[in-house]
Amino acid sequence: MAERGLQVGVIGAGAMGRGIAQVAASAGHSVLLADATAGVVTQARASIEKTLSRNVEKQRRTQAEADEVLARIVDAGDVSRGYDVFRSCGLVIEAVVERLDAKQALFTALEKVIAPDAVLGTNTSSLSVAAIAGTCANPERVIGIHFFNPAPVMPLVEIIPAITTDRGVSERITSLVASWGKTTVVATDTPGFIVNRVARPFYGESLRQLEEGIADVATIDWAMRELGGFRMGPFELMDFIGNDVNYAVTRSVFEAFFYDPRYKPSLTQRRLVESGFLGKKAGRGYYDYREGAPVREAKQDAAIGQAIFDRILAMLINEAVDAVLMGVASPGDIDLAMTKGVNYPKGLLAWANEIGLSTVLARLEALQAEYGEDRYRPSPLLRRMVRDGRQFFA
Ligand SMILES: NC(=O)c1ccc[n+]([C@@H]2O[C@H](COP(=O)([O-])OP(=O)(O)OC[C@H]3O[C@@H](n4cnc5c(N)ncnc54)[C@H](O)[C@@H]3O)[C@@H](O)[C@H]2O)c1
């Protein structure tokens, strides 16, 4: 362990907070877990206990190890009694509701009680770390530590220093999280960071092709799984994530990029959310999960499938290349993020090399010529690399 004896606070014991608490406790830290709602931490501990028992059944850890991990997660109760209990923590990670005012209020209250060298980490997926740090008296110790769901399973953690974050804090947190067995990538404090930015076309371009009647959801999912090698098709994945959650992230990235048409949300998805078709959790989404509902069959036409996949992949690669151009992260970290954070079968930049950058550029130019939309504009970096005959990682 990189920092023996470091006590970690986790505030917000929902889906993410409980996973983060488990990760930190598994790495040997004593963890204080709290929530705004009474009883949530008790539920969280029970669900962590269940997860640990499954680990024991699968022989990933012994019963004694599981007991030790659970014993290290202390119920700090509900935060209505204040934050004094976090006084002894060297790091506090928040995983509360995704609202800027809530996160700002939490950090400004916390910084009054924690030690001067203690770090405040935010697990936000779509807010600006600078904005969360901006109301703090000591913004240099505020940093984004973005886990993926479920946190104990997904290997990736994006580390996001804000403009104000101290470099030493950034380095310390990166090596701490790496010592927890996670793959870390450093991203700039830009909308969606790496994964939630680069992945947008996986959903957006699938929805666009659905709306145009090019294919139905089952066919697009089939094309991406069978021809693309993705573990899940875009529509099954959106149903799994929750259409409300996916739509909210898309909207937030679109607004944060000053309404760049590349990130424009889809009316189809909006209507689904408005109708309560939120996906698996609601029993209906793009698919019908109710008992006895008919199964949607894909039309397995290889030519149509290939065209669908080529179009989505070209848009994904363009987004990854543009993220390199805009300095969001290094090419290596961008590829690592997409394979470790969302299980893409290959890194998008390595994939671009494989297909040929000029092929990707030609596909985008054809789309832009056909639609006349800025949405399809090729990244200037892609153009430059094709012009200069360059490749990624060369
Ligand atoms: N769910 C995901 O896939 C995912 C992935 C990465 C990051 N995130 C981010 O993690 C954060 C939490 O998401 P989640 O999915 O765990 O949400 P969740 O709704 O499951 O849990 C949030 C918890 O925070 C508690 N809470 C709300 N306001 C609070 C406050 N002021 N003080 C203390 N507790 C408070 C709630 O009672 C709830 O138990 C969000 O910022 C979200 O954007 C979510």
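In the block above lies the structure referred to throughout.
Quick summary incoming for the structure in this document.

Things to note about the overall build of the protein chain
Then, in step 1: Each helix and strand in the protein chain was counted, giving 17 helices and eight strands.
Then, in step 2: By the compact-globule yardstick of 21 Å for 394 residues, the protein chain fits well, its C-alpha radius of gyration being 22 Å.
Then, in step 3: Seen through its principal axes, the protein chain has C-alpha atoms that stretch 60 × 55 × 40 Å.
Then, in step 4: Put simply, 70% of the contacts in the protein chain that link residues at least 6 apart link residues at least 24 apart.
Then, in step 5: Counting only carbon and sulfur atoms, one obtains 52% of the accessible surface of the protein chain, whose full area is about 17100 Å².
Then, in step 6: Of the charged side chains in the protein chain, 44 are positive and 47 negative; the average position of the first set lies 1 Å away from that of the second.

Concerning the layout of surface pockets
Then, in step 1: Each pocket or cavity is described by its volume, and for the second largest pocket that value is around 350 Å³.
Then, in step 2: In this structure, the second largest pocket is lined by 23 residues; those nearest its centre are Gly-204, Lys-264, Pro-265, Ser-266 and Arg-375.
Then, in step 3: For the lining of the second largest pocket, the element with the most residues is helix α8 (residues 200-211), which contributes eight residues.
Then, in step 4: Among the residues making up the lining of the second largest pocket, the classes are represented as eight nonpolar, six polar and nine charged.

So, helix α11 (residues 243-256)
Then, in step 1: The terminal C-alpha atoms of α11 lie 20 Å apart, and with 14 residues this matches the ideal 20 Å at 1.5 Å per residue to within 8%.
Then, in step 2: Listed in full, the buried residues belonging to α11 are Asn-243, Asn-246, Tyr-247, Val-249, Thr-250, Val-253 and Phe-254. The buried residues of α11 occupy an angular sector of 160° when the element is viewed end-on, so they sit on one face.
Then, in step 3: Summarising the contacts, the buried residues of α11 are in contact with α7 (195-198), α8, α10 (234-241) and α12 (267-274).
Then, in step 4: At the exit of α11 stands Phe-258, carrying a positive phi of roughly 55°.

Here we look at the pairing of strand β4 (residues 91-94)
Then, in step 1: What you see with β4 is no split at all: Leu-91 and Ile-93 on one side and Val-92 and Glu-94 on the other are buried throughout.
Then, in step 2: As paired strands, strand β1 (residues 7-11) and β4 are joined by four bridges and run parallel to one another. What sits directly across from Val-8, in β4, is Leu-91.
Then, in step 3: Pairing geometry for β4 and strand β5 (residues 119-122), over four bridges, is parallel. Across the sheet, residue Val-92 finds its bridge partner in β5, namely Leu-120.
Then, in step 4: In this fold, β4 hands off to helix α4 (residues 100-110), which returns the chain to β5; that crossover is right-handed.

Quick notes on a positive patch on the surface
Then, in step 1: Among the surface-exposed residues, Lys-50, Arg-54, Lys-58 and Arg-60 lie close enough to one another that they form a single positively charged patch.
Then, in step 2: Residue Lys-50 is classed as exposed on the basis of its relative accessible area of 57%.

Comments concerning the nonpolar core
Then, in step 1: Membership of the largest hydrophobic core comes to 83 residues, with the highest contact counts inside it found for Phe-86, Leu-110, Ile-194, Phe-202, Ile-334 and Leu-348.
Then, in step 2: Of all the elements, helix α13 (residues 302-325) adds the most residues to this core, at 12 residues.
Then, in step 3: Within the second largest apolar cluster, 38 residues are counted, among which are Ile-20, Ala-24, Ala-66 and Phe-147.

Brief notes about the site of the ligand
Then, in step 1: Around the ligand, the structure places 21 residues, and the nearest of them are Met-16, Asp-35, Glu-98, Lys-103 and Ser-125.
Then, in step 2: Within the backbone of Met-16, a nitrogen or oxygen atom sits 2.8 Å from an oxygen atom of the ligand.
Then, in step 3: Contacts to the ligand include Ala-36, whose backbone N or O atom sits 3.0 Å from a nitrogen atom.
Then, in step 4: Alone, the ligand offers 830 Å² of accessible surface; in the complex the protein occludes 72% of this.
Then, in step 5: Looking at the shell around the ligand, the elements with two or more residues in it are α1 (15-26) and β6 (142-147).
Then, in step 6: Of the residues belonging to the shell around the ligand, the class tally is 10 nonpolar, eight polar and three charged.

Basis of the calculations
Residue numbering note: each chain is counted from 1, following its sequence as written. Residue-level local features of this predicted model are given only where pLDDT is at least 70; pairs of side-chain atoms are given and counted only at 80 or more, and the full residue set underlies all totals for whole chains, interfaces and linings. The side-chain quantities take in all heavy atoms of the structure and omit both hydrogens and water. Each helix corresponds to a stretch of at least 4 residues labelled H or I by DSSP, and each strand to a stretch of at least 2 residues labelled E; elements are numbered beginning at the N terminus. Only the C-alpha atoms count toward the radius of gyration. The rule for a globule is 2.2 Å times the residue count to the power 0.38. Pairs of residues are marked as contacts when any of their non-hydrogen atoms sit within 4.5 Å. For the accessible areas, the method is Shrake-Rupley and the probe is 1.4 Å, while residue cover comes only from the protein chains on display. Neither His nor the chain ends contribute to the count of charged residues, in which Lys and Arg are positive and Asp and Glu negative. For this purpose, a charge sits on NZ of Lys, CZ of Arg, CG of Asp or CD of Glu. With a 1 Å grid spanning the protein atoms alone, the term cavity applies to any set of points in which a 1.4 Å probe fits but cannot get out, the term pocket to an open set with protein on both sides within 12 Å along at least five of seven lines, and the term lining residue to any residue with an atom within 4 Å of a point. Grid points are joined across faces, edges and corners, and a volume is the space filled by probe spheres set on the points. Note that Gly is not counted as nonpolar here; it falls among the polar residues with everything else outside the nonpolar set of Ala, Val, Leu, Ile, Met, Phe, Trp, Tyr, Cys and Pro and the charged set of Asp, Glu, Lys and Arg. One fewer than the residue count of a helix, multiplied by 1.5 Å, yields its expected span. Note on classification: 1.4 Å probe, protein chains only; a residue is buried when its accessible area is under 20% of the maximum for its type, exposed when over 50%, partly exposed between these limits. Note that the arc is computed from the directions linking the helix axis to the C-beta atoms. Strands pair, by our definition, only if DSSP identifies at least two bridges between them. By convention, a crossover is right-handed whenever its connection, traced from the first strand over the helix to the second and viewed with the strands pointing away, goes clockwise. Patch definition: residues above 30% relative accessible area lacking any salt bridge, with like charges linked at up to 9 Å and the nonpolar side chains Val, Leu, Ile, Met, Phe, Trp and Tyr linked at up to 5 Å. Think of a salt bridge as a Lys or Arg side-chain nitrogen and an Asp or Glu carboxyl oxygen that are within 4 Å of each other. Among buried residues, those of type Ala, Val, Leu, Ile, Met, Phe, Trp, Tyr and Cys that are joined through side-chain atoms within 4.5 Å constitute a nonpolar core. Residues are classed as near a molecule or strand on a simple rule: at least one heavy atom within 4 Å of it. By the criterion applied in these results, polar contacts are pairs of N or O atoms within 3.5 Å in which, for protein atoms, one can donate a hydrogen and the other can accept it, and in which residues neighboring in sequence qualify only through two side-chain atoms.

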